[in-house]
Amino acid sequence: MLRTFMTFIWAAGLSAALASVPMFEASAQDSDTVTAQKLRDAALTDRFGYRFVETLTTTIGQRLAGTEAMTRASLLAESTLLAAGFDNVHRESFPITAWMRGREEAEVTAPSSQRLVVATLGGSVATPPGGVETEIVVFARYSQLLAAAPGSLDGKIAVVTEAMPRVMDGSSYGAAISIRRSGPSEAAKRGAIAYLHRSLGTDDHRLAHVGATNYLEGVKRIPAAALSVPDAQQLARMAALGKVRIRLVLTPTSDEHAQSWTVSGEVRGSERPDEIVLIGAHLDSWDLGTGAIDDGAGVAIVLGAANLIAQLKPHAKRTLRVVLFGAEEMNYSGPAYAKMHADDIPHIVLAGEADFGARRVYTFLAPAGAMNTPFLQTLADTLNPLGIFLTRQPATNSGDDIAPLHDAGVPVIALRQNGIDYFDIHHTADDTFDKIDPQELAQATAAWVAAVYLALQSELDFRKAAKDFKN
Ligand code: ZN
Ligand code: ZN
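Residues numbered from 1 in each chain as written. Chains lettered and ligands numbered in written order. Predicted model: local features only at pLDDT ≥ 70, side-chain atom pairs only at ≥ 80, totals over all residues. Heavy atoms only, no water.

1. Some details on the coordination of the zinc ion (ligand 1)
With distances of 2.1 to 2.5 Å, the protein atoms coordinating the zinc ion (ligand 1) are His282 (NE2), Asp294 (OD), Asp355 (OD) and Asp355 (OD). All donors to the zinc ion (ligand 1) come from one chain, and their sequence spacing reads H-x11-D-x60-D. The zinc ion (ligand 2) is placed at 3.3 Å from the zinc ion (ligand 1), the two being bridged by aspartate 294. Of the two residues, aspartate 294 is situated in helix 9 (residues 292–310) and aspartate 355 in the loop between strand 13 (348–353) and strand 14 (361–365); the sequence distance between them amounts to 61 residues. With a relative accessible area of 4%, aspartate 294 lands in the buried category. (Donors = N, O, S within 2.8 Å, 3.2 Å for Na, K, Ca; no water. Helix = DSSP H or I, 4+ residues; strand = E, 2+ residues; numbered from the N terminus. Buried < 20%, exposed > 50% of the residue type's maximum accessible area, 1.4 Å probe, protein only.)

Okay, structure coming up:
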């Protein structure tokens with residue numbers, strides 16, 4: 001039935017799918033299961049979240065934390081939550097070091113002159129204004145850089161060309177992330193004066209994938225950038241033939257006294273308002289594209305789900321809090337939120353974050369200790385018609401912004417989206433609104449709204465279940 005319904009939506013095309021009519025009605029007599037099904041089905045045709053990410057990316061565009069654009073995005077999110085009738089809507093600021101891209105130029109100067117496509121890593125220091133020009137040392141594997149002796153890279157530019165495999169769940173990104181996060185300091189320890197690495201991406205376009213790097217304390221900070229995948233391959237071929245020299249100019253700047261904004265709103269619980277289910281996504285983005293799949297889509301999913309739940313009369317039993325974090329990419333907003341809301345943490349019974357693109361959800365991981373409970377069985381049955389199965393291991397993470405909450409004892413639920421082509425676009429200039437398929441986004445929103453509603457209604461003490469599970 002649902003499959004036929006979804007095929008119809010698909011076939012009927014955009015015009016029918018975008019018609020904004022009220023699609024959802026649940027009566028007080030409905031069982032939780034029936035209401036969850038109605039919410040799920042309403043989300044398949046609702047376009048609230050999709051419209052929000054369209055407005056966000058079109059009228060604001062990039063939202064690098066610390067820019068005026070990010071401030072405007074926080075105002076847009078605040079006014080959207082207010083207009084949709086959320087309770088306790090507010091923006092909260094927190095301190096950050098704002099990092100801004102400058103010029104970024106790279107070229108091979110010998111044996112032949114060739115331009116290279118690079119993106120400065122977030123947090124990178126600048127080269128001298130005239131740049132650096134020196135010989136490169138290429139490492140096919142990051143482990144080979146780590147095995148290089150101290151002093152072996154004196155005065156050179158280290159280049160790591162290791163590839164990141166394409167996988168559906170994105171786990172290869174976690175496996176490769178040290179190349180970007182730790183590579184510059186590891187190269188500096190061995191004497192390098194700059195660092196380049198093959199983008200953590202699965203595409204073959206001449207677009208570099210940006211991302212944050214983290215310098216080690218006590219190690220000289222050297223300028224660092226990502227190469228597009230074809231440029232990294234080109235350097236590997238050239239280096240195999242003989243000596244290669246590169247000129248690199250990077251002129252980023254930092255402001256240690258900047259701030260960003262996290263925006264939140266609530267749907268106050270009708271029976272147990274002091275018990276909070278928190279769902280989040282991040283409003284900030286990198287600066288090369290318009291932050292559509294990372295993480296405008298996640299914002300669309302949680303806003304879309306929360307907006308449907310806000311319309312329920314009476315409200316669901318527990319309180320729903322939606323949090324749009326304001327500096328995930330440089331890892332400020334999660335720790336800042338946990339610190340500012342330390343008193344709330346004991347009241348947060350469950351949390352989840354949507355930060356893996358705009359494609360459909362294909363599996364979900366339950367909160368620890370929730371296996372074999374009525375909550376989980378009903379959820380699995382409600383999500384099954386969407387083509388979603390239960391992975392039989394507990395969720396241990398659900399997004400970087402809520403990781404500090406999880407560390408402080410908040411159980412998490414994870415809805416995993418198909419990420420098979422996520423890292424083709426992630427953190428590149430190609431991260432734009434046209435990449436979002438409204439039907440896939442709607443399916444993900446349908447999965448979230450059902451999961452969130454059932455968690456709001458559940459009698460299950462998620463925190464106790466997680467604690468018992470650990471012991
Ligand atoms: Zn993200
Ligand atoms: Zn990101």
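Now that the structure has been shown, we can carry on.
2. Looking at the coordination of the zinc ion (ligand 2)
Within the protein, the atoms that donate to the zinc ion (ligand 2) are Asp294 (OD), Glu329 (OE), Glu329 (OE) and His427 (NE2), at distances of 1.9 to 2.5 Å. For the zinc ion (ligand 2), all donor residues lie on one chain, and their spacing in sequence is D-x34-E-x97-H.

3. Side note on the pattern of salt bridges
With the rule as written, the count across this model stands at 26 salt bridges. Residues glutamate 68 and arginine 72 are paired through a salt bridge, measuring 3.0 Å at the closest nitrogen-oxygen approach. In this pair, glutamate 68 and arginine 72 are both assigned in helix 4 (residues 68–83), four residues apart and thus about one turn of the helix distant. Across the salt bridge formed by arginine 359 and aspartate 421, the nearest N and O atoms sit 2.7 Å from each other. (Salt bridge = Lys/Arg side-chain N within 4 Å of Asp/Glu carboxyl O.)

4. Things to note about the domain arrangement of the protein chain
Domain boundaries in the protein chain define domain 1 (2–95 + 259–470) and domain 2 (102–251). Relative to domain 2, the C-alpha centre of domain 1 lies at a distance of 35 Å. Overall, the association of domain 1 and domain 2 removes approximately 1,600 Å² of surface from exposure, summing both partners, and the carbon and sulfur fraction of that is 63%. When residues of domain 1 are sorted by the area they lose upon contact with domain 2, Ile420, Phe423 and Asp424 head the list and together hold 34% of the total. Run the count over domain 1 and domain 2 and you get one salt bridge. Salt-bridge contacts for aspartate 424 lead to arginine 166; the nearest nitrogen and oxygen are separated by 3.0 Å. Remark: the boundary between domain 1 and domain 2 carries eight residue pairs in polar contact (both at pLDDT 80 or more). Among the elements that make up the side of domain 1 that touches domain 2, the one with the highest residue count is helix 13 (residues 422–425) (three residues). (Domains from an automatic or database assignment. Buried area = accessible area lost by both parts, 1.4 Å probe. Polar contact = N/O pair within 3.5 Å; in protein donor to acceptor, adjacent residues only side chain to side chain.)

5. Here's the deal with the packing of aromatic side chains
For the coordinates displayed, the defined rule picks out nine aromatic pairs. Their ring planes at 40° and their centres at 5.1 Å tell us that tyrosine 50 and phenylalanine 433 sit as a pair that is tilted. With tyrosine 50 in helix 3 (residues 48–60) and phenylalanine 433 in the loop between helix 13 and helix 14 (438–457), this pair connects stretches of sequence that are 383 residues apart. Using a relative accessible area of 18% as the deciding quantity, one classes phenylalanine 433 as buried. Summarising the aromatic geometry, the rings of tyrosine 173 and phenylalanine 423 are spaced 4.6 Å apart at their centres and angled 25° between planes, so their arrangement reads as stacked. Of this pair, tyrosine 173 sits in helix 6 (residues 171–181) while phenylalanine 423 sits in helix 13; the two residues are 250 residues apart in sequence, bridging distant segments of the chain. Look at phenylalanine 423 and you get buried, because its relative accessible area is 4%. (Phe/Tyr/Trp six-rings, centres within 6.5 Å; stacked < 30°, edge-to-face > 60°.)

6. A look at the layout of surface pockets
One way to see where empty space is left: roll a probe the size of a water molecule over the atoms. Approximately 810 Å³ is the volume found for the largest pocket. Contributing to the lining of the largest pocket are 30 residues, with Asp355, Phe356, Asn397, Gly399 and Asp400 lying nearest its centre. Of all the secondary-structure elements, those providing two or more residues to the lining of the largest pocket are helix 6, strand 16 (414–417) and helix 13. Element by element, the count of residues in the lining of the largest pocket is highest for helix 6, at six residues. Of the residues belonging to the lining of the largest pocket, the class tally is ten nonpolar, ten polar and ten charged. Taken domain by domain, the lining of the largest pocket gets at least three of its residues from each of domain 1 (2–95 + 259–470) and domain 2 (102–251). (1 Å grid on protein atoms, 1.4 Å probe; cavity = no way out; pocket = protein on both sides within 12 Å on 5 of 7 lines; lining within 4 Å. Points joined across faces, edges and corners; volume = space filled by probe spheres on them. Nonpolar A, V, L, I, M, F, W, Y, C, P; charged D, E, K, R; others polar.)

7. Concerning the nonpolar core
For soluble globular proteins, the rule of thumb is that nonpolar side chains tend to be buried together. Tyr195, Leu283, Leu324, Phe364, Phe375, Ile436 and Trp448 are the most contacted members of the largest nonpolar core, which has 104 residues in total. Taken domain by domain, the makeup of this core includes at least three residues from each of domain 1 (2–95 + 259–470) and domain 2 (102–251). Contacts of leucine 324, omitting those with residues within four sequence positions, involve Ala77, Trp261, Thr262, Val263, Ala281, Leu283, Val299, Val302 and Leu303. Counting 19 residues, the second-largest nonpolar core is a separate cluster that includes Val132, Ile136, Leu196 and Ala225. (Core = buried A, V, L, I, M, F, W, Y, C linked by side-chain atoms within 4.5 Å. Contact = heavy atoms within 4.5 Å.)

8. Describing the sheet that holds strand 16
Taken together, three strands build an open sheet; the order of strands is 15-14-16 and the sheet is mixed. Of all strands in the sheet, those with a lone pairing partner are strand 15 (389–391) and strand 16, marking the two edges. Neighbour-to-neighbour, the strand axes of the sheet open up by a mean angle of 35°, direction not taken into account. Relative to strand 15, strand 14 runs parallel, the two sharing three bridges. Looking at the pairing, phenylalanine 364 lines up with leucine 390 of strand 15. (Pairing = 2+ DSSP bridges. Axes fitted to C-alpha atoms, helices over the stretch in contact; angles between N-to-C directions.)

9. So, the packing of helix 11 (residues 374–383) against helix 14
Where helix 11 meets helix 14, the closest approach of the two axes is 10 Å, and the angle between their N-to-C directions is 160°. Judged by the inter-axis angle, helix 11 sits roughly antiparallel to helix 14. Crossing geometry of helix 11 relative to helix 14 is assigned as right-handed. Across the interface between the two elements, Phe375, Thr378, Leu379, Thr382 and Leu383 from helix 11 touch Ala447, Ala450, Ala451, Leu454 and Ala455 from helix 14. For the contact of helix 11 with helix 14, the residue count by class is eight nonpolar, two polar and no charged. (Parallel < 35°, antiparallel > 145°, perpendicular 65-115°, else oblique. Left-handed = near helix turned anticlockwise from the far one by under 90°.)

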